[in-house]
Amino acid sequence: MASHASRIPLPLAGLLALAVAMGIGRFAFTPVLPMMQADLGLSLSQGSWLASANYLGYLLGALLVTHLPWPPATLLRLGLWTVMLTTAAMGLDSHWLGWMSWRLLAGMASAWVLIGTSALCIARLNATGQTERSGVVFGGVGCGIAFAGLACMGLTLAGTTASHAWLWLAAAALGGLLGASMLWRTADVAAPAATPAPAASTTPPLKAAAASGSSHAAVRTAPPLHWGLILCYGVYGFGYILPATFLPAQARLLVPDPWLFSLAWPVFGLAAAVSTVISSRLSRRYTRPQIWAGAQVVMAVGVLAPVLWHALPAILLAACCVGSTFMVITMVGLQEAQAVVGQAGAKRQMAAMTASFALGQLIGPIFFSLTHAWFGASLEFALVLGTLGLLAGVLPILRLGRPAAAVQPGGRQ
């Protein structure tokens, strides 16, 4: 099976990994939720708690990576297996507390896969001069979202229960896992050949020092975290999650036909899939912070559209604007992390940024819930709040700097 897996091109393997982790592990709950409400009597409040458990798991997973010594290939492998198993468990379990546990674990695993896939694929594509093909890898998130949305539409039309829908999604996750396995199989094969290289260039006294305290030396030589990137990524998480959480509710108010409304989610995913491929070409003309800032402005326009225009076209515009930018920001943000701190500190920097995003993602809905309970804030207030958060983060993004030592000869800032 290893030989067959190794025939899959690297960008496609990365696409499959992110499609499973994010499209199924993170976002499949959105199109399955109406099925769970109809079949299993799940309340909207219980659904919100399940979504929050996944957000919390995503934060915990990212925080764990900053302390775990696991290499990216291990994170990727364990994360994908966990996503597949917890997705199947959602279909086999019938208790709300059990679902909470599975969604929490799926969120943790999704963070592991995103960090592991990003660290592996960005480094390998950069090393082979295929940087622009990163857009294919990150397009996996949109492909996974679109697949989950369309699959749930088809399963609903076929009269499939929510429990069986989770099992079908688990089967799809297993297929994606097998296709993505070349990422860690090639890493395992390359590891024995790569380990002698540092020793060959190290003098005997340094060898002895490394043998006596390698973990302490690694801590001392690890590149410092770039806190500007971390904070900007957290603001993006806060602004993004408000429309991602409340736009479906806004759509339900404006679109009476449930089938017409359900198309918004596949449109969101397809826009995300296409956008990363297109934006990777923009790097020839613009810097990554410029692409990030521009994408955040477009996202803000989409978030504000349903507030100013109460009609179906505004919902579709929002789905296109938010869907076409959230993975662009993720891609260029993680690419910038790799460029700023280098390969040695990439995993730690990406984990810190993912944790910051997850924290902003948690704070957003909580902040709205409190203002709604205390001051009667409306759904439109949440979207305006998201817009302001996104626009407020644009200037700091454009002012992001990079230490001179981290800029490689001929590299882009």
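Keep in mind it's a predicted model, so treat the numbers as computed, not measured.

Okay, the nonpolar core next. In terms of nonpolar packing, the biggest core is built from 104 residues, with Met-36, Leu-80, Phe-138, Tyr-240, Trp-292, Met-299 and Phe-326 touching the most fellow members. Top contributing element to this core by residue count: helix H16 (residues 312-375), with 21 residues. If we ignore the near neighbours within four places in the chain, the residues touching Met-36 are Phe-29, Gly-41, Leu-42, Met-90, Trp-99, Ala-162 and Trp-166. Phe-238, Phe-368, Ala-377 and Ala-382 belong to the second largest nonpolar core, which has six residues in total.

Residue position: Ser-356 is located in helix H16. Residue classification places Ser-356 among the buried residues on the basis of a relative accessible area of 15%. Excluding residues that lie within four positions of it along the chain, Ser-356 makes contacts with Ile-230, Leu-231, Tyr-233 and Gly-234.

The terminal C-alpha atoms of helix H14 (residues 264-282), which comprises 19 residues, lie 27 Å apart, in line with the 27 Å expected from a rise of 1.5 Å per residue. Along its length, H14 reaches its greatest deviation from straightness, about 25 degrees, at Ser-275. Looking at H14, one finds that the buried residues are Ala-264, Trp-265, Pro-266, Phe-268, Gly-269, Ala-271, Ala-272, Ala-273, Ser-275, Thr-276, Ser-279 and Ser-280.

This brings us to the packing of helix H15 (residues 288-308) against helix H17 (residues 379-392). It is at 9 Å that the axes of H15 and H17 come closest, and there the two elements cross at 165 degrees. Relative to H17, the element H15 is oriented roughly antiparallel. Two packed elements cross with a definite hand, and for H15 against H17 that hand is left-handed. Where H15 approaches H17, its residues Gln-296, Met-299, Ala-300, Val-303, Leu-304, Pro-306 and Val-307 are matched on the opposing element by Glu-380, Leu-383, Val-384, Thr-387, Leu-390 and Leu-391. Tallied by class, the residues present in the contact of H15 with H17 amount to 10 nonpolar, two polar and one charged.

Turning our attention to the environment of Phe-238. Mapped onto the elements of the fold, Phe-238 is located in helix H12 (residues 227-254). Overall, the relative accessible area of 18% leaves Phe-238 in the buried class. With 122 residues separating them in the primary sequence, Phe-238 and Gly-360 have C-alpha atoms 4.2 Å apart. Dropping the residues within four chain positions of it, Phe-238 is found in contact with Gly-360, Gln-361, Ile-363, Gly-364 and Leu-385.

Along its 14 residues, H17 runs 20 Å from first to last C-alpha, staying within 8% of the 20 Å computed at 1.5 Å per residue. Listed in full, the buried residues belonging to H17 are Leu-379, Ala-382, Leu-383, Leu-385, Gly-386, Thr-387, Gly-389 and Leu-390.

Further remarks concern the confidence of the model for the protein chain. Scored by pLDDT, the protein chain has a mean of 80; 82% of the residues are at 70 or more. Low pLDDT, under 50, characterises residues 189-220; the stretch is placed with two contacts to residues that sit more than four places away or in other chains. With pLDDT under 50 throughout, residues 402-413 is counted as low confidence; its partners more than four residues away or in other chains account for 23 contacts.

Before going further, it helps to spend a moment on the packing of helix H6 (residues 96-127) against helix H7 (residues 134-157). With their axes 10 Å apart at the nearest point, H6 and H7 run at an angle of 165 degrees to one another. The orientation of H6 with respect to H7, classified from their angle, is roughly antiparallel. Crossing geometry of H6 relative to H7 is assigned as right-handed. On H7, the residues that touch Leu-114, Thr-117, Ser-118, Cys-121, Ile-122 and Leu-125 of H6 are Ser-134, Val-137 and Phe-138. Its residues assigned to classes, the contact of H6 with H7 comprises six nonpolar, three polar and no charged.

Analysis parameters
- The residue numbering used here restarts from 1 in each chain and proceeds along that chain's sequence as written.
- Only residues with pLDDT of at least 70 are given local features in this predicted model, and only at 80 or more are side-chain atom pairs given and counted; all residues enter the totals for whole chains, interfaces and linings.
- Heavy atoms throughout the structure, all of them, feed into the side-chain values; hydrogens and water do not.
- By convention a nonpolar core is built from buried Ala, Val, Leu, Ile, Met, Phe, Trp, Tyr and Cys residues, the set being connected through side-chain atoms within 4.5 Å.
- When a residue's accessible area, from a 1.4 Å probe over protein chains only, is under 20% of the maximum for its type it is buried; when over 50% it is exposed; and in between it is partly exposed.
- Each helix is a run of H or I in the DSSP string that is no shorter than four residues. Each strand is a run of E no shorter than two, and both are numbered from the N terminus.
- Throughout, a residue-residue contact means that at least one pair of heavy atoms, one from each residue, lies within 4.5 Å.
- Here a helix's expected span is defined as the number of its residues, less one, multiplied by 1.5 Å.
- Bend is the name given here to the angle between axes fitted to two runs of seven residues, the run ending at a residue and the run starting at it.
- Fitting a line to C-alpha atoms yields each axis, with helices limited to the stretch in contact; the angle taken between N-to-C directions then spans 0 to 180 degrees.
- When describing relative orientation, an angle under 35 degrees is termed roughly parallel and one over 145 degrees roughly antiparallel, while 65 to 115 degrees is termed roughly perpendicular and anything else oblique.
- Two helices cross in a left-handed way if the nearer one is turned anticlockwise from the farther one by less than a right angle. They cross in a right-handed way if the turn is clockwise.
- Polar here means any residue outside two lists: the nonpolar Ala, Val, Leu, Ile, Met, Phe, Trp, Tyr, Cys and Pro, and the charged Asp, Glu, Lys and Arg; Gly therefore counts as polar.
- Confidence scores per residue from the predictor, reported as pLDDT, run from 0 to 100.

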